[in-house]
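Now for the letters of each chain:
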Amino acid sequence: YDSRRDFEPIGRVVDVPMTLVARPGFPARTLAHAVAYLKRERASVIVAYAGMGAASHLCGLLLSIALDVDFIQVPYRGTGPALADLQAGRADVMCDQTTNTAAPIRSGRIVGLGVTSAGRLPGMPGLPAVTEAGIRGLELSIWHGLFAPRGTPTAVVADRAALLRSALASPAFVAAMKEMQAVVATPRQATPEGLALLLGEETARWAPILRKAG
């Protein structure tokens, strides 16, 4: 499918920053030391990700480009198995959404190294932004949006977009997203026009990166 041709955008829902995480016992405990370790041990570092084209895969590609290092990239059938192997020490590092990593970081099952947002997250102040370690080009937030099939009547799309904005204003929803470090879309972003604009920008950003990665 072609995401810009085959769907009708309804609206953006949330943005979720990514975290760079490591296995328990990882020899580097700070982001700066981790960067030095990754560059030094480049040939033996195993990077887990949740499958071809997954958010963790794209983040791992950006990490490889940013550090100019070719890691051993290992795909899994989903985030769960990838995180399980990371926790078991069968992989070294992983880059995934805070919605998946916040709880295991807090419980100590994995080591949090840094976040891919422009600055530190209020709910995870101990994790530095990757830019603090001099990593450029890894600022990344995964967005979630609602779409309908192409050809859905305009009135129906508008109605669903209005319902979406109403849901995003729910205090319970906002609180749940805050717990996972997700940022709720603004009313302007939660529109068909706002999501269409974002989709175009993201397609232009990622297409050359994916082509380069093969």
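Residues numbered from 1 in each chain as written. Predicted model: local features only at pLDDT ≥ 70, side-chain atom pairs only at ≥ 80, totals over all residues. Heavy atoms only, no water.

Peer 1: Help me understand the pattern of salt bridges, please; the structure alone is not making it clear to me.
Peer 2: Pairs can form between side chains of opposite charge once their charged atoms are near each other. All chains considered together, the criterion is met by nine salt bridges. Ionic pairing is found between Arg40 and Glu41, a salt bridge with its closest N-O pair at 3.3 Å. By relative accessible area, which is 56% here, Arg40 ends up exposed. Residue Glu132 is joined to Arg120 by a salt bridge in which the shortest nitrogen-to-oxygen separation is 2.8 Å. Of the two residues, Glu132 is situated in the loop between strand E5 (111-115) and strand E6 (141-149) and Arg120 in the loop between E5 and E6; the sequence distance between them amounts to twelve residues. Relative accessible area serves as the criterion here: at 44%, Arg120 is assigned to the partly exposed category. (Salt bridge = Lys/Arg side-chain N within 4 Å of Asp/Glu carboxyl O. Buried < 20%, exposed > 50% of the residue type's maximum accessible area, 1.4 Å probe, protein only. Helix = DSSP H or I, 4+ residues; strand = E, 2+ residues; numbered from the N terminus.)

Peer 1: What am I meant to see in the layout of surface pockets here?
Peer 2: In this model, the largest pocket occupies a volume close to 630 Å³. What lines the largest pocket is a set of 27 residues, among which Leu58, Leu61, Trp206, Ile209 and Leu210 lie closest to the centre. Elements with a minimum of two residues in the lining of the largest pocket: helix H2 (55-67), E6 and helix H7 (192-213). For the lining of the largest pocket, a count of residues per class yields 16 nonpolar, seven polar and four charged. Reported here for the second largest pocket is a volume of approximately 250 Å³. Every residue along the wall of the second largest pocket is listed here: Tyr1, Asp2, Ser3, Arg4, Phe7, Trp143, Phe147 and Leu199. Along the lines of polarity and charge, the residues of the lining of the second largest pocket split into five nonpolar, one polar and two charged. (1 Å grid on protein atoms, 1.4 Å probe; cavity = no way out; pocket = protein on both sides within 12 Å on 5 of 7 lines; lining within 4 Å. Points joined across faces, edges and corners; volume = space filled by probe spheres on them. Nonpolar A, V, L, I, M, F, W, Y, C, P; charged D, E, K, R; others polar.)

Read these as layout, nothing more, since geometry by itself doesn't imply function.
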